[in-house]
Amino acid sequence: MSESDVPRPKVPTGVAGLDEMLGGGFPAGSVVLVTGLPGTGKTCLGLQFLLSGVAHGEKSVFLSLEEDVPQLTETARQFHWPVDEAVRNGSLKIVRLDPKETRQSLHRIQGELGKELEALGATRIVLDSVSLLNMLSDDEPGRRTTLFALAGACRASGATTVLTAEADPRHPEITRDGLSEYVSDGVILLGYRTGGDGHRVGLSLRVLKMRRTAHVRTVQPYSIGPNGLVVDAKAVDFGGP
Ligand SMILES: Nc1ncnc2c1ncn2[C@@H]1O[C@H](COP(=O)(O)OP(=O)(O)O)[C@@H](O)[C@H]1O
Ligand SMILES: [Mg+2]
């Protein structure tokens, strides 16, 4: 049995129901992509994942390419997560990155990012979102290189990582860039459920891939409530998204 065949310990996601679908959580050290249309809760899920780690005494870092630090802290406060305390005591770092600079520095530093992340001592990383990074480059080889470098740096740090990405509005089961899923060890798809009349009636989640994990493949409903995302892992599969 090679090292890569050894089942990894699971990292609880902080999302009730999702852990059940994954047999305990994300495989430790993996890079998991969370994709979905705007408003499906990708940013919320990222924050929830990190604050659940903080609750277990872990350190985490949120790399934001989209929202500012005050916006993100306000979102977390609204869900009653102890974000201010976590930032104050250093167990959560929220870093606002300029997409343009990040792309340039990624080319420059490549493997260095992994070391920097390791130095932070974070066991959980969120990067929200890779879509903005990708939009800055219209050549696919460049995007591919950036994404591989990013995923590699996160993996090298030893942390468990969540990357978020916008879904393609025409094909919401794949990302806009069509690449992020290939650099990730796992893919979680968040989507809108539509009623017979085509109106959005709710949200649903599907685990498309999770390396080395016997995961549930059905589509399960979820909601965004006062304490964040909650997946109903027991509901019967009703198809979509
Ligand atoms: N405090 C809250 N209570 C309930 N639902 C919320 C709350 N905050 C945000 N939401 C829901 O989450 C959605 C935004 O989630 P977000 O994580 O920003 O989505 P994404 O990052 O996928 O665009 C909002 O449109 C709203 O439906
Ligand atoms: Mg978002």
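Everything numeric here is computed off the predicted structure, so don't read it as measured data.

Reading the values: rules and limits
Residues numbered from 1 in each chain as written. Chains lettered and ligands numbered in written order. Predicted model: local features only at pLDDT ≥ 70, side-chain atom pairs only at ≥ 80, totals over all residues. Helix = DSSP H or I, 4+ residues; strand = E, 2+ residues; numbered from the N terminus. Contact = placed C-beta atoms within 7 Å. Buried ≥ 20, exposed ≤ 12 C-beta atoms within 10 Å, placed from the backbone. Expected span 1.5 Å × (residues − 1). Core = buried A, V, L, I, M, F, W, Y, C linked by C-beta atoms within 7 Å. Pairing = 2+ DSSP bridges. Near = placed C-beta within 6 Å. Nonpolar A, V, L, I, M, F, W, Y, C, P; charged D, E, K, R; others polar. Arc of directions from axis to C-beta. Axes fitted to C-alpha atoms, helices over the stretch in contact; angles between N-to-C directions. Parallel < 35°, antiparallel > 145°, perpendicular 65-115°, else oblique.

Q: I'd like a rundown of the environment of V87, residues and numbers included.
A: With respect to the helices and strands, V87 occurs in helix α4 (residues 83-88). Each residue touching V87, except ones within four places of it in the same chain, is listed here: L92 and I94.

Q: An account of the environment of C44 is requested, with residue identities and associated values reported.
A: On the secondary structure map, C44 appears in helix α2 (residues 42-55). With 20 C-beta atoms counted inside 10 Å, the residue C44 sits in the buried group. In this structure the C-alpha to C-alpha distance between C44 and I125, which are 81 residues apart in sequence, comes to 14 Å.

Q: Describe in detail α2, supporting the description with residues and values.
A: End to end, α2 covers 20 Å across 14 residues, agreeing with the expected 20 Å (1.5 Å per residue, within 8%). With 13 of its 14 residues buried, α2 lies for the most part within the structure. Just beyond α2, the residue with positive phi is G57, at close to 85 degrees.

Q: I'd like a rundown of the nonpolar core, residues and numbers included.
A: With 57 residues, the main nonpolar core has F62 and I125 as its most contacted residues. With 7 residues, α2 is the single largest residue contributor to this core. Contacts of I125, omitting those with residues within four sequence positions, involve S60, V61, L63, L117, C154, S157, A159 and T161.

Q: Quick rundown of the pairing of strand β6 (residues 124-128)? Include the residues and the values.
A: Of all 5 residues that make up β6, 5 are buried, and the element is covered over most of its length. A two-sided burial pattern is seen for β6, the buried positions comprising R124, V126 and D128 on one face and I125 and L127 on the other. In this sheet, β6 lies alongside strand β4 (residues 60-64) in parallel orientation, the contact comprising 5 bridges. Considered in β6, the bridge of L63 is made with L127. Where β6 lies against strand β7 (residues 160-168), 4 bridges are found, and the strand directions are parallel. Note that in β7 the partner of L127 across the bridge is L163.

Q: For the site of ligand 1, give the residues involved together with the corresponding values.
A: The environment of ligand 1 is formed by G36, P38, G39, T40, G41, K42, T43, C44, Q78, F79, I224 and P226. Classifying every residue of the shell around ligand 1 gives 5 nonpolar, 6 polar and 1 charged.

Q: Please give an account of the environment of V31 that cites residues and values.
A: Along the polypeptide, V31 turns up in strand β3 (residues 31-36). You can call V31 buried: it has 25 C-beta atoms within 10 Å. When the C-alpha atoms of V31 and L163 are compared, they prove to be 7.1 Å apart, with 132 residues separating the residues in sequence. The contact partners of V31, leaving out residues within four places of it in the chain, are A151, C154, R155, T161, L163, V183, S184 and D185.

Q: Mind laying out helix α8 (residues 140-156), listing which residues take part and the relevant values?
A: An ideal rise of 1.5 Å per residue puts 24 Å on 17 residues; α8 measures up with 24 Å between its terminal C-alpha atoms. For α8, the complete set of buried residues consists of R143, T146, L147, L150, A151, A153 and C154. All buried residues of α8 project into a common sector of 160 degrees when viewed along the axis, lining one side. At the exit of α8 stands G158, carrying a positive phi of roughly 85 degrees.

Q: Give a description of the packing of α2 against helix α3 (residues 69-78) that names residues and reports values.
A: With their axes 10 Å apart at the nearest point, α2 and α3 run at an angle of 70 degrees to one another. It follows that α2 is roughly perpendicular to α3 by the angle criterion. The segment α2 lies against α3, with T43, C44, L47 and L51 engaging L72, T75 and A76. Among the residues making up the contact of α2 with α3, the classes are represented as 5 nonpolar, 2 polar and no charged.

Q: Go over unusual backbone geometry with me, naming the residues and quoting the values.
A: With glycine set apart, most residues show a phi of negative sign, and most peptide bonds adopt trans. With omega at 0 degrees, the peptide bond leading from D128 into S129 counts as cis. Mapped onto the secondary structure, S129 falls in the loop between β6 and α7 (130-135). Although it is not a glycine, H80 adopts a positive phi angle of roughly 65 degrees. For R212, which is not glycine, the phi dihedral falls at a positive 60 degrees. Examined against the element boundaries, R212 turns out to sit in the loop between β10 (200-210) and β11 (220-225). Accessibility expressed as a C-beta count within 10 Å gives 14 for R212, which makes it partly exposed.

Read these as geometric descriptors, not functional statements.
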